[in-house]
Amino acid sequence: MSQTKLEKLFYTIGLIDNVSGGPTNKILKNIDKMNSHAKNAFSGIAKGGAGLVGVGFGMKKLTDQTIDFNRALGEVDSLDVQSDAMKILARTALKQGPLYGQGAAEFIRASYDIQSAIAGLDGSELADFTKASSILAKATKSDAATITSFTGTMFGIFQNQAKKMGISRWVEILAGQTATAVQMFKTTGSEISAAFSGVGAAGTAHGINMAEQMAILGSLQATMKGAEAATKYKAFLGGVGKAQKALGLTFVDSQGKMLPMVDILNRIKGKFGEIDTVAESDLLQKAFGTKEAVSLIKQLMLNTDGLSDSIEKLNDVTGMGKALEMANKQTDVWMRM
């Protein structure tokens, strides 16, 4: 073997030896370590980034809620609400909303509709009105907008009574009576609202209190919707005056005020019995002017004792205890959280 070939052989052997156990092998191990560290580093960065994104979303959600709350307050404040009323409203929203699974901003926005419908609320009245509406909505499984509109409508109908006893106390009684009626007559807050919206101030014009009107409209809803009950009750109220002369009966007291419904029904029943003939129905329809009024008389006359008992129970309501009870049963800890 030539010198040149021998030198090449030794060089190749030495290179193989060095690669298998020498510096080259160490270099390769170091490269593997560097690769492993790089992977871990990038994984950590990814995990850290995901954590930061999570924190970011949480902060954004919290910030958005705060901004929305302040915007809602600004909307109500634009109606020139007194500063002390705004402070009470804000505190009530933060405390009351979560109790029944409602956001504070949502609570505040409900007060906007109330303030728009009812002028002159001051001190705690706006907060109390909104609180009662919020509880009643939850108690009767109705949406906030429907019940807010309902309480505003009811105030328009019974505002003299409300101002006389105090608006805050009156709205609590309204919430309690409505919740009791919903439970008693197996109806809903939306149907009660539709009934009173249809009747309007017709009953109040005759001096009929809220409990009696609610009992009559609730009893009718056993067989019909709230709007239909309103149509029949309004027809009866519109014809009761002229019906007296036609029937030869008196439906007013010594001061000219309309008698309670049960008394009127008993007087009609005393003269005509159960109204179970076509002739009797025709006579009543001629006297009252509409078949809707006759339909009301026939239905309510089936159970005057039950109607009397319902009126008494609603008159006994002195606060919104029943509404609170019903609302609490429908709100669990997860909704509050």
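Above: the structure in question.
Now for a description of the structure that goes with this document. All values reported here derive from a predicted model rather than from experimental measurement. (Residues numbered from 1 in each chain as written. Predicted model: local features only at pLDDT ≥ 70, side-chain atom pairs only at ≥ 80, totals over all residues. Heavy atoms only, no water.)

1. Re the overall build of the protein
In step 1: Helix and strand counts for the protein stand at 17 helices and 0 strands.
In step 2: Among the 337 residues that make up the protein, the fraction classed as buried is 41%.
In step 3: Once local pairs closer than 6 in sequence are excluded, the contacts in the protein between residues at least 24 apart make up 68%. (Helix = DSSP H or I, 4+ residues; strand = E, 2+ residues; numbered from the N terminus. Buried < 20%, exposed > 50% of the residue type's maximum accessible area, 1.4 Å probe, protein only. Contact = heavy atoms within 4.5 Å.)

2. Quick look at the packing of aromatic side chains
In step 1: Following the criterion strictly, the structure yields 6 aromatic pairs and no others.
In step 2: Judged by centre distance (6.2 Å) and plane angle (80 degrees), the ring pair of Phe129 and Phe155 falls under edge-to-face. On the criterion of sequence distance, the pair formed by Phe129 in helix H5 (residues 125-139) and Phe155 in helix H6 (residues 144-165) is long-range, its members being 26 residues apart.
In step 3: With 6.4 Å between their ring centres and 70 degrees between their planes, Phe158 and Phe196 make a pair best called edge-to-face. Within this pair, whereas Phe158 is found in helix H6, its partner Phe196 is found in helix H8 (residues 189-199), the two being separated by 38 residues in sequence. One exposure class covers both Phe158 and Phe196, and it is buried.
In step 4: Counting every residue linked through ring pairs, the aromatic cluster contains Phe129, Phe155 and Trp170. (Phe/Tyr/Trp six-rings, centres within 6.5 Å; stacked < 30°, edge-to-face > 60°.)

3. Here's the deal with the pattern of salt bridges
In step 1: Under the definition given, this model contains 5 salt bridges.
In step 2: Salt-bridge contacts for Lys322 lead to Glu325; the nearest nitrogen and oxygen are separated by 3.6 Å. With Lys322 and Glu325 both in helix H16 (residues 321-329), this residue pair falls 3 residues apart, about one helical turn.
In step 3: In this structure, Glu325 engages Lys329 in a salt bridge whose closest nitrogen and oxygen atoms are separated by 3.5 Å. One end of the pair is Glu325 and the other is Lys329, both in helix H16 and 4 residues apart, which spans about a single turn.
In step 4: Beyond isolated ion pairs, a larger network of salt bridges with shared partners links Lys322, Glu325 and Lys329. (Salt bridge = Lys/Arg side-chain N within 4 Å of Asp/Glu carboxyl O.)

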